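Architecture and fold: a report
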Amino acid sequence: MGSAERSVLAEAALAMIATNLPKHLRDVRAGDPKQRSKEMQRVAFGELAPVHEAEYQALIDWVRRFREWLREHGKTAQDHPAYSGSDHEVFWLSDESNDVRHEVSVEPKPWEQSAGMFREPYPKFSLRFEDSERDMSFALNFDDTYELSIKDKVKCITFESTGLKRRKMTRQEHQIVRYFMRIVAANFNIPVD
């Protein structure tokens, strides 16, 4: 599948959020964040198609390429406003120009424990893209979960998946994440293909 086809699929998934979520957001009940995320996926996308193993592996391969590239070319904790002067290892880049924001970061080791539980040894990967229409943030967490937030600024709605296992990502979410990864990679000249 070419990048143009992937872009069309991602735009279709984003259109599903913009169309379906406003109509059915009241159907998403408050409660457990994971259950709320699953309900939001169902409301936004209808039938939830799982990500095939090959697609999931391609996403992880891209994350690894970002990570390796950032280690060589990214800024470090000493340049980061939140981590300057700390021992925390982080590699990152941020660019805000022409009212468009591109951000990407990798944290190789957990910064702290959460609620007394040890975090898993997966590096954290974070990506953000924001323009006049959308604000998208994505993170693969230390504990093998992911966070995805997509705010449609025009319709004032926000889609969120929180705390779900990485392998439970829907195909639509996968397409959206890869789409924005490609945009951010192009902005920083990060070779992902």
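Presented here is a report on the structure given in the accompanying data block. (Residues numbered from 1 in each chain as written. Predicted model: local features only at pLDDT ≥ 70, side-chain atom pairs only at ≥ 80, totals over all residues. Heavy atoms only, no water.)

1. A closer look at the packing of helix α3 (residues 53–73) against helix α4 (residues 171–188)
- Interhelical geometry of α3 versus α4 gives an angle of 25° and a closest axis separation of 11 Å. Judged by the inter-axis angle, α3 sits roughly parallel to α4. In the packing of α3 onto α4, the handedness of the crossing is left-handed. On the side of α3, the interface is formed by E55, Y56, A58, L59, W62, V63, F66 and W69, while α4 contributes R171, H174, V177, R178, M181, R182, V184, A185 and F188.
- Of the residues assigned to the contact of α3 with α4, the class counts are 12 nonpolar, one polar and four charged. (Axes fitted to C-alpha atoms, helices over the stretch in contact; angles between N-to-C directions. Helix = DSSP H or I, 4+ residues; strand = E, 2+ residues; numbered from the N terminus. Parallel < 35°, antiparallel > 145°, perpendicular 65-115°, else oblique. Left-handed = near helix turned anticlockwise from the far one by under 90°. Contact = heavy atoms within 4.5 Å. Nonpolar A, V, L, I, M, F, W, Y, C, P; charged D, E, K, R; others polar.)

2. Here's the deal with the pattern of salt bridges
- Per the stated rule, a full pass over the model turns up 12 salt bridges.
- Close ionic contact of E130 with K153 constitutes a salt bridge, the shortest N to O distance being 2.6 Å. Of this pair, E130 sits in strand β3 (residues 124–130) while K153 sits in the loop between β5 (145–152) and β6 (157–165), and the two are 23 residues apart along the sequence.
- Given the relative accessible area of 17%, E130 is considered buried. (Salt bridge = Lys/Arg side-chain N within 4 Å of Asp/Glu carboxyl O. Buried < 20%, exposed > 50% of the residue type's maximum accessible area, 1.4 Å probe, protein only.)

3. Observations concerning the pairing of strand β2 (residues 100–107)
- Of all the eight residues making up β2, six are buried; the element is thus mostly covered by neighbouring parts of the structure.
- Strand direction decides the pairing type here: strand β1 (residues 91–97) and β2, joined by seven bridges, are antiparallel. Of the residues in β2, the one forming a bridge with D95 is H102.
- Linkage of β1 to β2, two consecutive antiparallel strands, is achieved through a turn of two residues, within which N98 is found at a positive phi near 55°.
- The sheet contact formed by β2 and β3 spans seven bridges and is antiparallel. Residue V104 lies in a different strand from β3, and its bridge partner there is L127. (Pairing = 2+ DSSP bridges.)

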